[in-house]
Structure formats: C-alpha cells, structure tokens
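Summary of structural features
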Amino acid sequence: MLHSFMRKSFHFLSLTILGVLLFTPKLIAQDAESQALKTQPNIIVILADDLGYADVGFNGSTDIPTPNIDRIAREGVKFTNAYVSYAVCGPSRAGILTGRYQDRFGFSRNPLLAPNDPKMGLPLSEETLADALGRVGYKSVALGKWHMGAHESLVPRKRGFTDFFGFLSGGHQYLPELWTLNDLTEARTQYDGYNTKLLRNETRVEETEYLTDALSREAVNYIQHYKDAPFFMYLAYNAPHAPLQATPEYVERFDHIKDPKRKIYAAMVSAMDDGVGRVLETLDSLKLADNTLVFFLSDNGGPEHANASDNGLLRGEKGDLFEGGIHVPFALRWPARLEGGKTYEKAISALDIFATAINQTSEPIQTKNTLDGVDLIPYLTEANSGDPHPYLFWRKFDQEEYAVRAANGLKFEIQKNQSYLFDLQHDLGETNSILKERSEDSRSLKKQYSIWNMEMKDPVFLGLLQDKLYSRQNPNRFTTN
C-alpha cells in the first residue's frame, strides 16, 4: 500500500511539475505583457482652437487667469519658439495627427463639410497617431472637434480611435439649445454642422451641458475608464473659436474686462482652463500623473479681430505666415522624465508630438510613412544639444505664399506679393525686414524652400475658400437623392 501511495504521490508531483513547466512561460509572458502595458506612458494632447499667443499666463496674460494650463508649463517645459504647420485649423490638425507636413498628402486647405465625399478630409494613405499607438496596445479617445472629414470612411473610429465624443465639422455652437439638427442628413449649408447634436461614436446623443464643460467631463470619464491600459487622448477643444458663447457662470468672472467681445472670449478660455484642471486632478487622483505626457498648444494663432484674442508682440494673426499666425503657446509635462520649470528656446513643431509619443513606448513602432517631426525628449533632457529642426516650412498654396525659418532664427517669407527677411532672435515682432542687407541669406532660404516644396503635393480637395464652386460641382453634397 505504501508503495502504491508513493507511486501515486510521485505521479501527482510529476504532473504538477510538468504543469508548472508547461504553463509558467505563458504566465510569465502574460505578466510581462501586462507590466509593459502599465509602464507605457499615457499620452494626452490638449488642443485649443484660435487661442492667442499671449492669452495664457505662462506667456504673460494678466487679464485672463489660466492657472491649470500654466500648471502644465510650471511642472514641465515651456516652449518659447513652438510652431504649428499651418495658420488655420484643418491643415494644422492634419499635421499634428500624422506627424507629417500636410502638404505631403495634399491637405493644403481647410476641408469643407461634405459627408458624401470620401476624399474631403484626411487621405486614407495616412496613418494617425492613434493608428500607430494602437499597434502596441493603446486605447485612443478623440474628443471635440474632428475636422478631418465627415464621410463614414474618415470619421475617428475609422482612423484608429477606440472612442469618439464630439462633432465632425470645423466648428460648433456651444449652447445645447442651439443643437437643432439631428444629423448631417439635415444639413444644407457648410455651417449647418455647427448646429448638429453631438456624436458618441456613431450615435447622436442628447447633451445638456455647455460644450466645453461636456468635453471636459468626457475626458475625465474616459481617463477613469482606461486607467489600467495605456491610452492616448486627443482632447480637441473648439474653444475659444467663434461663435463667442459662454454661460453666465464664466462671464461673471471677467467684470474687469470692459470690451464685451473680449469678456466672452476670456470666459471661454476660462472654461477650457477649468477643464484642463479637471483632467490634471483626475490624473493625480488615479496616480497616473507621473507617467502621462500632457501636451498643451493651440492649433494656430489667434484671429485677433474675430474673437478679440491677443497675440502679444507677434505680428499678424490666424491665417498669416507672420508669427502671429503660426507661433503658438506650447507646453509639455511628463514628471517621470522631465524636470519641471524648464524653458526650451529652440524652434520646435507641433509635428513633433507624434514622434515624441511613439518613441516612448515599450516596443518600437514602425510607422507607415516617414515622419517630419522628431522625438523632443532627448533635446529636453539635454542628451541631444543640437537643433530639432534645421528648417521649418509653411505653404499657402492658393495664395502662392510661403515661409521658411532656419534654426538660427532667420525667416524668409512671401506674403501678398511682398518678400521679407526677419531675424527672429532680435526681432520676434517682425518689425524690421533685413531683406536688402542679407540678400545672400534670403537666396539660401529660398533654395531650401524650393527643395522642400518639390516633395509636396498639390491640394487633393477643394476647401473652404471654394465652397460655392464645390457645391456647384457636387449638387448632392448633403443628400443622396
């Protein structure tokens, strides 16, 4: 009996050891995968719309407090020479989402609202940051303004995003009582998209909150939902883009501002700042802050005449290739890697967000297309003391205007048939063109632009400036009858 018991015990022990040998590698692999997912940093891009360069505290604003936006700069890095790749929202956002100059794929115009047109928006040849991060386990959320196409093939969940809450058009009313259209099938004009009910994924929802507050609420909810998996959040506020609308709660904060337009503008910025605060507090409460990269920027310069924004000493406004159109407030916080309270003065681009994000993952990501942006982290940790970009380029195809900025601060531009050369290191306000004195520098910069421009494509769709022409060519733009 004893021998029989020992044989059974030995047999059981052998099976147990065999089971451990068979299953331990799998368990270890699963645990390693789980650990990798937890260590991959979260990515949050907070994008304002038409925000003036001088309308955040970290760039000197005194009449509009932005304590939460300023916290990102104070606890991270403030960039004094940050640029977007275009002076209006659609092309600029295409650059941010792809990490590539949008002219490479013909996104050179602000897209129209055209829900029946699969070519009116971000071409399918391009992958988004959400596409790339999804390959290494990220969940991605797009909130707010999309403006990358309203056709069913171009909406966020077809472009790599797990979730979407917002609107597809280039702008929107802020007050829910103005959202009178049930769907884009009821739209008949370009700006009817402003009046649609909001979307959650592909379903229209009944929303009762002020738009900026609703987007902030959803950001908090999705952070809580995806707290255990690495996530990418594209929080694309449309504030403070027109129309100028705010609730009394926010307007009452600015009795000291007498200009009625700027008062409402300030209220809209303040609502957005409150939302940024809610996002940061949620990261703190969930102990996610240390390992989350939080970017803050505007999609272009402020349209000072349209929304009473303030670009400070920068010349020009939204739409211009002067600094006021393309030089934006920009801050990045990542406590795990970046020391707080730093200022970075070399020229960087919003195109760098993509490359920076994908270079922090636990396994390498091979992108579909070559990126124009660079990973900023080595520059910010001083592992790389060079210039992130020898040159930055801008092109306004329809106007035949362009600009090129060298790392040393020299900037050549052609606007309204006039040529300029500025030394931005000594003349950031672009008050004194040195074109005649530095003709050789001008020729060199023009040559660099020509080399770059040869790689670019003509526009692949008609844009906002061709609204009437497009409607004549596409009589079924909104209907399929």
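In case you missed it, the structure is sitting above this.
Rules used in this analysis
Residues numbered from 1 in each chain as written. Predicted model: local features only at pLDDT ≥ 70, side-chain atom pairs only at ≥ 80, totals over all residues. Heavy atoms only, no water. Helix = DSSP H or I, 4+ residues; strand = E, 2+ residues; numbered from the N terminus. Expected span 1.5 Å × (residues − 1). Buried < 20%, exposed > 50% of the residue type's maximum accessible area, 1.4 Å probe, protein only. Pairing = 2+ DSSP bridges. Contact = heavy atoms within 4.5 Å. Axes fitted to C-alpha atoms, helices over the stretch in contact; angles between N-to-C directions. Core = buried A, V, L, I, M, F, W, Y, C linked by side-chain atoms within 4.5 Å. Parallel < 35°, antiparallel > 145°, perpendicular 65-115°, else oblique. Nonpolar A, V, L, I, M, F, W, Y, C, P; charged D, E, K, R; others polar. Phe/Tyr/Trp six-rings, centres within 6.5 Å; stacked < 30°, edge-to-face > 60°. Lys NZ or Arg CZ within 6 Å of the ring centre and 35° of its normal.

As a further point, take helix α5 (residues 211–225). For α5, which comprises 15 residues, the first-to-last C-alpha distance of 21 Å matches the rise-based estimate of 21 Å (1.5 Å per residue) to within 8%. Of all 15 residues in α5, twelve are buried, a share of seventy percent or more. Along α5, the residues that are buried comprise L211, T212, D213, A214, L215, S216, R217, E218, A219, V220, Y222 and I223.

Before going further, it helps to spend a moment on the sheet that holds strand β10 (residues 330–333). The strand order β7-β6-β5-β4-β8-β1-β9-β10-β2-β11 describes an open sheet built from ten strands, whose pairing is mixed. The sheet terminates laterally at β7 (203–204) and β11 (342–344), the two strands that pair on one side only. Relative to β11, strand β2 (residues 77–79) is paired through three bridges, and the arrangement is parallel. Counted as the bridge partner of V77 is K342 from β11. Packed onto the sheet, α5 meets β1 (42–48), β4 (139–145), β5 (163–167), β6 (199–200) and β8 (231–236) and runs at close to 175 degrees relative to β8. Packing against the sheet, helix α7 (residues 260–285) makes contact with β1, β8, β9 (292–298) and β10, and its axis sits at approximately 175 degrees to β1.

Turning to the nonpolar core, a few remarks are in order. I43, F79, F232, Y234 and L297 are the most contacted members of the largest nonpolar core, which has 61 residues in total. With sequence-adjacent residues up to four places away left out, F232 is seen in contact with I43, V45, L129, A130, L133, Y138, K139, S140, V141 and F161.

Turning our attention to unusual backbone geometry. For residues besides glycine, phi is generally negative; the peptide bonds are generally trans as well. Cis geometry is adopted by the peptide bond preceding P240, which originates at A239 and carries an omega value of 0 degrees. Tracing the sequence through the fold places P240 in the loop between β8 and α6 (248–251). Cis rather than trans, the peptide bond between A242 and P243 has omega equal to 5 degrees. In this structure, P243 sits in the loop between β8 and α6.

Here the focus is the packing of α5 against α7. Close contact between α5 and α7 brings their axes to 9 Å; oriented N to C, the two are set at 10 degrees. Taken together, the axis directions place α5 and α7 in an arrangement best described as roughly parallel. Only A271, M272, G275, R278, V279, T282 and L283 of α7 make contact with α5, whose side of the interface consists of T212, D213, S216, R217, A219, V220, I223 and Q224. Looking at the contact of α5 with α7 residue by residue, the class counts come to seven nonpolar, five polar and three charged.

Position of G137 relative to the elements: it lies in the loop between α4 (129–134) and β4. Overall, G137 belongs to the partly exposed group, its relative accessible area being 33%. Each C-alpha atom, one on G137 and one on I358, is 12 Å from the other, the two residues being 221 residues apart in sequence.

The subject of this paragraph is the sheet that holds strand β14 (residues 401–406). Spatial strand order, β13-β14-β15-β16: four strands in an open sheet with antiparallel pairing. Two strands bound the open sheet, and with one partner strand each, they are β13 (391–396) and β16 (418–423). Shown here is a sheet whose adjacent strand axes are inclined to one another by a mean of 10 degrees, direction ignored. Relative to β16, strand β15 (residues 410–415) is paired through six bridges, and the arrangement is antiparallel. Across the sheet, F412 pairs through a bridge with L421, a residue of β16.

With respect to the element layout, L129 can be found in helix α4. For L129 and G160, which are 31 residues apart along the polypeptide, the C-alpha to C-alpha distance reads 7.8 Å.

With that settled, the discussion passes to the packing of helix α2 (residues 67–74) against α7. Where α2 meets α7, the closest approach of the two axes is 7 Å, and the angle between their N-to-C directions is 50 degrees. On the basis of their axis angle, the class for α2 and α7 is oblique. In this structure, α2 contributes P67, N68, I69, R71 and I72 to the contact, and α7 contributes M272, D273, D274, V276, G277, L280 and D284.

Bringing the packing of aromatic side chains into the picture now. Per the stated rule, a full pass over the model turns up 20 aromatic pairs. Ring pairing ties together the aromatic residues Y101, Y391, F393, Y402, F412, Y449 and W452, which thus form one cluster. Positioned above the aromatic ring of F322 is the side chain of R315, whose terminal nitrogen or guanidinium carbon lies 4.1 Å from the ring centre.

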